Amino acid sequence: MAISHLQPVVILLVLSAFASLPTQAAARGGHDPLDDGAHEPFSRKLLEDKPPQITEEMVRGYMSNAELEAAVHAFGSRCSNISRVYRDNTNLLSALERWVIEISDKPRQREAEPAFKFIGNVHGDEPVGREVLMHLANWLCDNYLKDSLATLIVENMHLHILPTMNPDGFALRWRGNANNIDLNRDFPDQFFSVNNDIDYRQPETRAIMNWVKQEHFTASASLHGGALVANYPWDGTRDTSKHYYGCPDDKTFRHMASVYSRSHYNMSLSKEFEGGITNGALWYPIYGGMQDWNYIHGGCFELTLEISDTKWPKADELPVIWEHNRMSMLNLLTTLIKSGVHGRIFAADTGRPIPGSVMIKGIDSKVSASSTFGDYHRIVVPGETYEVVASMEGFQQKSTRIMLEQEAVNLDFILDPDGTDGQMKLPRNDGGCHCDNAKLFHVQEAHLWLYLLIVSVLLTLYLVFKRKTASRLASKLLAYRYSSLRRPVAV
């Protein structure tokens, strides 16, 4: 038993001894001549001769990998009613395991709800995220059914927490993984093919890519240290120069980053970053980053959150850092529930959900509906008018215009197969959704007939009896009608 516990440590020591040997990965990428040397925008292989010295005094009070794993499993046992713990199937060279916490009122079931992931410890020498994420998980468990935000999150989304993406780097006390590769430069990049060779892709990177394809995340954030700012795409530029380079959903990302920054104790007061947020390419360009890959290939809106000015603050500061970030994390999560456009896509001929896609006219990006429930969750800035378009191969696309106020809009689409004449029916509005009169909604026949029946009964009673009870019945009818309008609009 003792030998099995020592095995990861021995392997890490051997890897540390050989990490400085030349490998082919070191030749992949290069140095940006415009860079000042503070950052390596292309380089995956970390070339410093002597990484910054992490002393025992700095590490004291932080959870070791073994202690973190024990804490994750203890949480799973204590909070089993709203969580499950699962392994992310990464085959690390050191044989260490990465465990994920899923938090939901139905953690073992698929639901038509948005999913969010938090990832900590991407860089081995930035351990603050792993500690803060365990604080978040325990706070949600302790406050479920006691605090409105905790209850809203647990009951209306699936939250996945990976406290450490890079346990090997943490054990070695350096930035990269066991191969000394910077994992936040290891993802396929939209501008350069430097990371397209799958043979050199690190196991941690491959696991994240498979995870995103499997779970259908709506949004996510990775936690880092060394600055205090919310970073959003794009992270790089086509010409490698340092300047603002926004993605198609730039306005939405700025909104998400601002939600985090403004909810933070002092992030929005930054003198370096206006409002406590920054476009990645404007700060300093990098390539092969996880943030841009999530948005492009996963339809997942990811932020890179720098949550501590110091990479390795003293352990007694961790509770304070958690408190400074608590409302930021909670408000970012509830953004997925309280705002945006949500709904499902159905086939008109079968009535079954279909994995179509939804886009906003004027924004060159799509989000896909899930294959299980056909549900989609589109984050957009509130207080504006949008034309929402649903489509799928083999079906006629449909669109409608909505006014998104401060509350989320529920909007279902019923797509007609190609070659059929899909006739629009009477509109049915949703609270907070002011729909274009030119776009008529399908109304489910059962609700329509029930509505007409109640109206007929009410009119008959009024004409026959002409009593005050008729007006009270009318009030009940209006209440029923209002409650039915809160249900998803079907287009």
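Residues numbered from 1 in each chain as written. Predicted model: local features only at pLDDT ≥ 70, side-chain atom pairs only at ≥ 80, totals over all residues. Heavy atoms only, no water.

In the nomenclature of an unreviewed UniProt entry, the protein is known as Peptidase M14 domain-containing protein of Miscanthus lutarioriparius. The record held by UniProt for the protein lists under Cofactor (unreviewed entry) the comment "Zn(2+)". (UniProt positions renumbered as here; feature names shortened; annotations may be inferred.)

*Asks:* Quick question: what am I supposed to make of the pattern of salt bridges here?
*Replies:* Side-chain pairs of opposite charge can arise whenever the charged atoms involved come near each other. Counted according to the given criterion, the structure contains 20 salt bridges. Linking Arg378 and Asp249 is a salt bridge whose minimum nitrogen-to-oxygen distance equals 2.9 Å. Of the two residues, Arg378 is situated in strand β12 (residues 375–378) and Asp249 in the loop between β6 (227–232) and α8 (250–263); the sequence distance between them amounts to 129 residues. As a salt-bridge pair, Glu387 and Lys361 come within 3.9 Å of each other at their nearest N and O atoms. Of this pair, Glu387 sits in strand β13 (residues 384–391) while Lys361 sits in the loop between β10 (357–360) and β11 (366–368); the two residues are 26 residues apart in sequence, bridging distant segments of the chain. When its relative accessible area of 14% is taken as the criterion, Glu387 is described as buried. Each member of the salt-bridge network shares a partner with another, and the members are Asp125, Glu126, Arg175, Asp182, Arg185 and Lys311. (Salt bridge = Lys/Arg side-chain N within 4 Å of Asp/Glu carboxyl O. Helix = DSSP H or I, 4+ residues; strand = E, 2+ residues; numbered from the N terminus. Buried < 20%, exposed > 50% of the residue type's maximum accessible area, 1.4 Å probe, protein only.)

*Asks:* For this particular structure, what's the right way to read the sheet that holds strand β7 (residues 277–279)?
*Replies:* Pairing is mixed in the open sheet, where 8 strands are placed in the order β1-β2-β4-β3-β5-β8-β6-β7. The outermost strands of the open sheet, each flanked by one partner alone, are β1 (83–87) and β7. The sheet shows a mean angle of 20° between the axes of neighbouring strands, direction not considered. Of the pairings in the sheet, the one linking strand β3 (residues 115–119) to strand β5 (residues 219–224) comprises 4 bridges and is parallel in character. Paired with Ile119 across the strands is Ser222, a residue of β5. (Pairing = 2+ DSSP bridges. Axes fitted to C-alpha atoms, helices over the stretch in contact; angles between N-to-C directions.)

*Asks:* Looking at this structure, I do not really get helix α3 (residues 65–78). What am I missing?
*Replies:* Structurally, the α-helix is built with 3.6 residues per turn, so residues lying three or four positions apart point the same way. Between the first and last C-alpha of α3 there are 20 Å, a value that for 14 residues agrees with the 20 Å anticipated at 1.5 Å per step. Among all positions in α3, only Asn65, Leu68, Val72, Phe75 and Gly76 are buried. Buried residues of α3, viewed axially, fall in a sector of 100°; they line one side. Among the exposed residues of α3, those pointing more than 90 degrees away from its buried face are Ala66 and Ser77. In the core, the buried residues of α3 are packed alongside β1, β2 (99–103), α4 (128–143) and α6 (167–172). (Expected span 1.5 Å × (residues − 1). Arc of directions from axis to C-beta. Contact = heavy atoms within 4.5 Å.)

*Asks:* What am I meant to see in the pairing of strand β9 (residues 341–347) here?
*Replies:* Along any regular strand, the residues point their side chains to alternate faces of the sheet. Of all the 7 residues making up β9, 6 are buried; the element is thus mostly covered by neighbouring parts of the structure. Pairing geometry for β9 and β12, over 4 bridges, is antiparallel. Following the sheet pairing, His342 is matched in β12 by His377. When β9 meets strand β15 (residues 409–415), the two strands line up parallel, connected through 5 bridges.

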